[in-house]
Amino acid sequence: LLFLILNYFGIWVGRTYGRPFSSRPGFFAATFHCAATSFLALYVLAFKSGTMVDGVVTGEVDYSLWREVALPLSIGYFMTDIFIYCIPKKDMIITFHHIIMVISHYPVVHDAGAHLAGAGDINWVTWLSIVGYTSEVSTVLMNYRWYLLQTLEENWIGFGMVNISIVISWAARVVLFAYLLIWEIAPRAAVYAETKQVLTYSVMVLGHFVIGLLSLYWLGLMCRGGLKGLITFKKPTPSKDGSFSFGGDIGRDSGEVKKRKSLDAAASGVAKAVAKESQAWVDGAKFNEETKAKKL
């Protein structure tokens, strides 16, 4: 209900005040989700999660806030977004992301599900869920960057600071998911095999690997223009079909754009779709729904 209200609030704001929110009415729901879940994740880790020693959570632990508030809130957002945004816009990449997130984290809400998902260790798998959600901090920054791309008229030092913060957050995501895979998840392979939870373990490994790989890819896109491209804002120019082209927003010159297009042409199927979605997100054109409507 909360996210339905936020989505319809975004629609009202867009109709009343126009751009930029008319092109992305789901901005408020998406931003509230990533801000709330990342804040709750950091809070629980700091004050409610005890201490992780040799892969075992020790000390006073209280994960009730995460399991009873944060995860239901997040799952509610994913389900709402699937029906409000993904299905109407036929965005299969985001639909896949949301479904994987729901499948991966829903079991943690209940003791029985968490027991199976953690191969008997409820506290550890809950801790893993919480740590993973700290990566939503970068989504908060990306949403603010999108807003700046739509509203700034000239260069502003704050834009460069936001971009640098995003690069740091993406780099942190890469390190985080690599750490989780190598030092937390991999050593438990035998335990999952012994408890016959191989499918659960496979989904866990695949999910962390894919998110880490995409984080590395987005980090590369952000850094492609070098330091000057990161700290300098360039006003987006409209493309022929009325959408915005953000080829130069992070320092990519025309030669680099041609190179990217040639690489995209060589890609096919899902790989091409993922590359297109990722580039649009980094460029700030991901949610230009007016353009999508014209194409449909």
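Structure: above.
What comes next is a walk through the structure. (Residues numbered from 1 in each chain as written. Predicted model: local features only at pLDDT ≥ 70, side-chain atom pairs only at ≥ 80, totals over all residues. Heavy atoms only, no water.)

Turning to the overall build of the protein, a few remarks are in order. Scanning the protein for helices and strands turns up 14 helices and four strands. Buried residues in the protein amount to 44% of all 296 residues. The long-range share in the protein, meaning contacts at least 24 apart out of those at least 6 apart in sequence, stands at 70%. Surface accessibility of the protein: about 15,200 Å² in total, with carbon and sulfur atoms responsible for 68%. (Helix = DSSP H or I, 4+ residues; strand = E, 2+ residues; numbered from the N terminus. Buried < 20%, exposed > 50% of the residue type's maximum accessible area, 1.4 Å probe, protein only. Contact = heavy atoms within 4.5 Å. Areas by Shrake-Rupley, 256 points an atom, 1.4 Å probe, with all protein chains shown as cover.)

Now for the side chain of T95. With respect to the element layout, T95 can be found in helix α4 (residues 92-105). For T95, the side chain forms a polar contact with the main-chain oxygen of D91, separated by 2.7 Å. (Polar contact = N/O pair within 3.5 Å; in protein donor to acceptor, adjacent residues only side chain to side chain.)

All right, on to the nonpolar core then. The biggest cluster of nonpolar side chains holds 37 residues, and the ones touching the most others in it are W66, W124, W127, L128, Y133, L180 and I185. Elements that contribute at least two residues to this core include exactly α1 (2-17), α2 (27-47), α3 (64-89), α4, α5 (111-117), α6 (122-133), α8 (157-185) and α10 (198-223). Core analysis: the next-biggest nonpolar cluster, separate from the first, contains 15 residues, F159, I166, L219 and L230 among them. (Core = buried A, V, L, I, M, F, W, Y, C linked by side-chain atoms within 4.5 Å.)

Together, L1, L4, I5, Y8 and I84 line one region of the surface with nonpolar side chains, adding up to about 520 Å² of accessible area. Within the secondary structure, L4 is located in helix α1. You can call L4 partly exposed: its relative accessible area is 34%. (Patch = residues over 30% accessible without salt bridge, like charges linked within 9 Å, V, L, I, M, F, W, Y side chains within 5 Å. Salt bridge = Lys/Arg side-chain N within 4 Å of Asp/Glu carboxyl O.)

A word on unusual backbone geometry. Omega for the peptide link from R19 to P20 comes to 10°, which places this bond in the cis form. One non-glycine residue, A119, lies in positive phi territory at about 55°. Tracing the backbone shows A119 in the loop between α5 and α6. Look at K196: it is not a glycine, yet its phi comes out positive at around 60°.

This part covers the packing of α2 against α3. Relative to each other, α2 and α3 sit at 160°, their axes nearing to 10 Å. In terms of their interaxial angle, α2 and α3 are classed as roughly antiparallel. Where α2 crosses over α3, the handedness of that crossing is left-handed. Side by side, α2 and α3 meet where A29, A30, F32, H33, A36, T37, L40, A41, Y43 and V44 of the first sit next to L65, W66, V69, A70, L73, S74, Y77 and F78 of the second. Among the residues making up the contact of α2 with α3, the classes are represented as 15 nonpolar, three polar and no charged. (Axes fitted to C-alpha atoms, helices over the stretch in contact; angles between N-to-C directions. Parallel < 35°, antiparallel > 145°, perpendicular 65-115°, else oblique. Left-handed = near helix turned anticlockwise from the far one by under 90°. Nonpolar A, V, L, I, M, F, W, Y, C, P; charged D, E, K, R; others polar.)

With that settled, the discussion passes to the side chain of S23. Mapped onto the secondary structure, S23 falls in the loop between α1 and α2. The class of S23 is buried, set by a relative accessible area of 1%. At 2.7 Å, the side chain of S23 forms a polar contact with the backbone oxygen of P20.

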